[in-house]
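# Chains, contacts and geometry: an overview
Here's the letter readout for the chains.
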Amino acid sequence: MTRSRVRRVALALAAATALAGAAACTSSGGGPEDPDRKGTTAHRNRSLAALRSAEHATHRARSARVRSSTALGSVMSTKAEGALGWKDGLTGTLTITYTGGSTAELMRTLDSTSLETRYLQDAYYAKVGERFARQLGGRHWIKYTYDYLATLGGGSGAMMTDLMRNTTPNQSVRLLLASEDVRKVGAEKVAGVTATHYSGTVDVADLAGGSALHKQLTQAGVTTETVDIWVDGKDLLVKKAEKADTANGALTQTAYYSDYGVKVSADRPPAADTEDFRTLLKKQGGGGPAS
């Protein structure tokens, strides 16, 4: 395998793992400070009140089991499953499977179409297959430190860092609170559970300019995003779906949540079996921070 290919795969893993974590949770908050601004209808007020209850209840739950899917144009499509916690930053473990796109084709040649990822407070780890591990001196894990990712040029590293550090399921509710046209769709069944469906469209231009969410969406080339969420009788989020057009193609993310309060664990892989992403880029001849 050429050096450029190793570097390309490592970068693809970084993006996929960040997107999977974001899909399992969502983009960070940062909507308008006063969602009940002039012109709000009584129907919208009732929806906003229900959404605020869902935001608080989901945040207090601290953890959940997650099933999610993400598609980004022709670049990649993935499925993820596991358990995540958000008491103090994002923690937990997901199994991510590449199901389509150019990235899946690349990962298939490396015996790494399905991989375990572990999210810790300072970094996340991706476990690669045996064929790719041989390119890493026999090491099976790549460590992506958030602080280093934030220094990568072009804004992509900073966006990935924001996605991973500012994602919790209740944030998708906060995103919908920023919608001018949020509405209650009605009662529907989600995985056998009766839930209330809410929907809306978020105009990025209406978001607070200094918020993390505004920065993430702007960097990705997003101008509007459609958000749908489903809330159960305990005010807990049981499903969310987001759609947007980005600079890399159409982005769709769907996630299902269950077993709120489940115990979550994510052990740091053995140092001897881990290659640091920063070190890997240096070995491959570049890819460091922008000067």
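Analysis parameters
Residues numbered from 1 in each chain as written. Predicted model: local features only at pLDDT ≥ 70, side-chain atom pairs only at ≥ 80, totals over all residues. Heavy atoms only, no water. Phe/Tyr/Trp six-rings, centres within 6.5 Å; stacked < 30°, edge-to-face > 60°. Helix = DSSP H or I, 4+ residues; strand = E, 2+ residues; numbered from the N terminus. Buried < 20%, exposed > 50% of the residue type's maximum accessible area, 1.4 Å probe, protein only. Pairing = 2+ DSSP bridges. 1 Å grid on protein atoms, 1.4 Å probe; cavity = no way out; pocket = protein on both sides within 12 Å on 5 of 7 lines; lining within 4 Å. Points joined across faces, edges and corners; volume = space filled by probe spheres on them. Nonpolar A, V, L, I, M, F, W, Y, C, P; charged D, E, K, R; others polar.

## Notes on the packing of aromatic side chains
By the definition in use, this model includes six aromatic pairs. Note on tyrosine 148 and phenylalanine 277: the rings are 6.3 Å apart at their centroids and 70° apart in plane angle, and the pair reads as edge-to-face. Linking tyrosine 148 in helix α5 (residues 146-149) with phenylalanine 277 in helix α9 (residues 277-283), this pair joins segments that are 129 residues apart in sequence. Since its relative accessible area comes to 8%, tyrosine 148 is described here as buried.

## Some remarks on the pairing of strand β8 (residues 193-203)
Bridge count between strand β7 (residues 183-190) and β8: seven bridges; the pairing is antiparallel. Residue pairing across strands places alanine 187 opposite threonine 196, the latter belonging to β8. In this structure, the hairpin formed by β7 and β8 is closed by a connection of two residues, where alanine 191 is found at a positive phi of approximately 50°. Inspection of the sheet shows β8 paired to strand β9 (residues 224-231) by eight bridges, in the antiparallel sense. When the bridges of β9 are listed, tyrosine 198 appears paired with isoleucine 229.

## With respect to the layout of surface pockets
Considering only enclosed or pocket space, the second largest pocket measures out at about 190 Å³ in volume. Along the walls of the second largest pocket sit 13 residues, with Arg65, Ala191, Tyr256, Tyr257 and Ser258 positioned nearest its centre. When contributions to the lining of the second largest pocket are tallied by element, the ones reaching two or more residues are β1 (63-72), β2 (76-85) and β11 (249-258). Per-class residue counts for the lining of the second largest pocket are seven nonpolar, two polar and four charged.

## A look at the pairing of β2
Where burial is concerned, most of β2 is hidden: eight out of the 10 residues are buried. In terms of strand pairing, β1 meets β2 through 10 bridges, oriented antiparallel. Paired with threonine 70 across the strands is threonine 78, a residue of β2. The loop that links β1 with its antiparallel partner β2 comprises three residues; one of these, glycine 73, has a positive phi angle of about 50°. Where β2 and strand β3 (residues 91-100) come together, nine bridges link them in antiparallel fashion.

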